[in-house]
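Chain by chain, the residues:
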Amino acid sequence: MKHLFIIVVIILTSLSACKDDCLTCPENEAVVNGNCECIGISFGGKCMSKNEAFQKTIPRGVSVEIQPYYSESLDCSDLFDFNNQPLFIYLSVLTEYQNRMSAVIALQTEARPTNTYFEKVYYSGLESETGSSNFDSLSYDWPSAYDYNGFVYVGEDGIVTSNPEHYTTEIDGQTCYLRPYLKILDKDYIRVTFRYVTAAEEVKAECVRLFHK
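Criteria and cut-off values
- Residues numbered from 1 in each chain as written.
- Predicted model: local features only at pLDDT ≥ 70, side-chain atom pairs only at ≥ 80, totals over all residues.
- Heavy atoms only, no water.
- Helix = DSSP H or I, 4+ residues; strand = E, 2+ residues; numbered from the N terminus.
- Buried < 20%, exposed > 50% of the residue type's maximum accessible area, 1.4 Å probe, protein only.
- Contact = heavy atoms within 4.5 Å.
- Areas by Shrake-Rupley, 256 points an atom, 1.4 Å probe, with all protein chains shown as cover.
- pLDDT = per-residue confidence, 0-100.
- Salt bridge = Lys/Arg side-chain N within 4 Å of Asp/Glu carboxyl O.

Chemist: Sorry, what's going on with the overall build of the protein chain here?
Modeler: Along its length, the protein chain carries two helices and 16 strands. Within the protein chain, the fraction of its 213 residues that count as buried is 38%. Taking contacts inside the protein chain between residues at least 6 apart in sequence as the whole, the part at least 24 apart equals 45%. Total accessible area on the protein chain is roughly 12500 Å²; 50% of this is exposed by carbon and sulfur atoms.

Chemist: What is the right way to look at the environment of phenylalanine 80 in this model?
Modeler: Position of phenylalanine 80 relative to the elements: it lies in the loop between β5 (67–71) and β6 (87–91). When the C-alpha atoms of phenylalanine 80 and leucine 178 are compared, they prove to be 9.1 Å apart, with 98 residues separating the residues in sequence. With residues near it in sequence (within four places) discarded, phenylalanine 80 still touches Leu178, Phe194, Tyr196, Ala205, Glu206 and Cys207.

Chemist: Teacher, can you tell me more about the confidence of the model for the protein chain here?
Modeler: The predicted structure's coordinates, where accompanied by low pLDDT, should not be read in detail. A residue-level look at the protein chain finds 81% of positions with pLDDT of 70 or above and a mean pLDDT of 84. This stretch, residues 7–12, has a pLDDT under 50; its non-local contacts, to residues over four places away or in other chains, come to zero contacts.

Chemist: Just checking my understanding: could you explain the pattern of salt bridges for this structure?
Modeler: A side chain of one charge can pair with a side chain of the opposite charge when the charged atoms of the two come close. Enumeration according to the criterion identifies nine salt bridges in this entry. A salt bridge links glutamate 127 to arginine 100; the shortest N-O distance between them is 3.3 Å. Placement of glutamate 127 in strand β9 (residues 122–129) and of arginine 100 in strand β8 (residues 100–109) is noted, with a sequence separation of 27 residues between them. Judged by its relative accessible area of 15%, glutamate 127 falls in the buried class. Ionic pairing is found between glutamate 201 and arginine 179, a salt bridge with its closest N-O pair at 2.9 Å. Taken as a pair, glutamate 201 in the loop between β15 (189–198) and β16 (203–212) and arginine 179 in strand β14 (residues 174–184) lie far apart in primary sequence, 22 residues in all. Taking the relative accessible area as the measure of exposure, arginine 179 reaches 4% and is therefore buried.

So this is what it looks like as structure tokens:
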């Protein structure tokens, strides 16, 4: 009987040890506390390696590669539909013209899925006056000819339409447009302040997120 007890203990110990060692996880996942969990970048139901997530890419609507930056989930304000969700932004190379710095920024969230086969991204312009005190800070800007008030989805092929889809929400009965304000902290980190602003330029909500590559 004693030998039987020892055999049972050995079997149970082996099964316990195998719980982690014998579990096979998908790519970019590993066993954590007996379950497969993403050890890379989890976004939109996908688990990506960090190398894959931060490769320069060409989101729909642009014709050149731009740099992805990632923000972990953060609680800032329930007025933002991406509150407590991870975010990706894509930032173009800064260019200088007429004593101004400009760039294009694109936003991708889990909060506004698309019914098409690709991930929808919203775009905005950024701009600042050239100078030693503000070269690293760019504010929302978009050519007035398009009558855009913030982030906008311009169509499946990046073609400007007569009725673009604005990134908006209703606050206090008013339509508010999502706008970005960017601060470059160093070569790997940027801070983006998202604001919901009315057409009359009244700021109704603010969310600050840190992004890295």
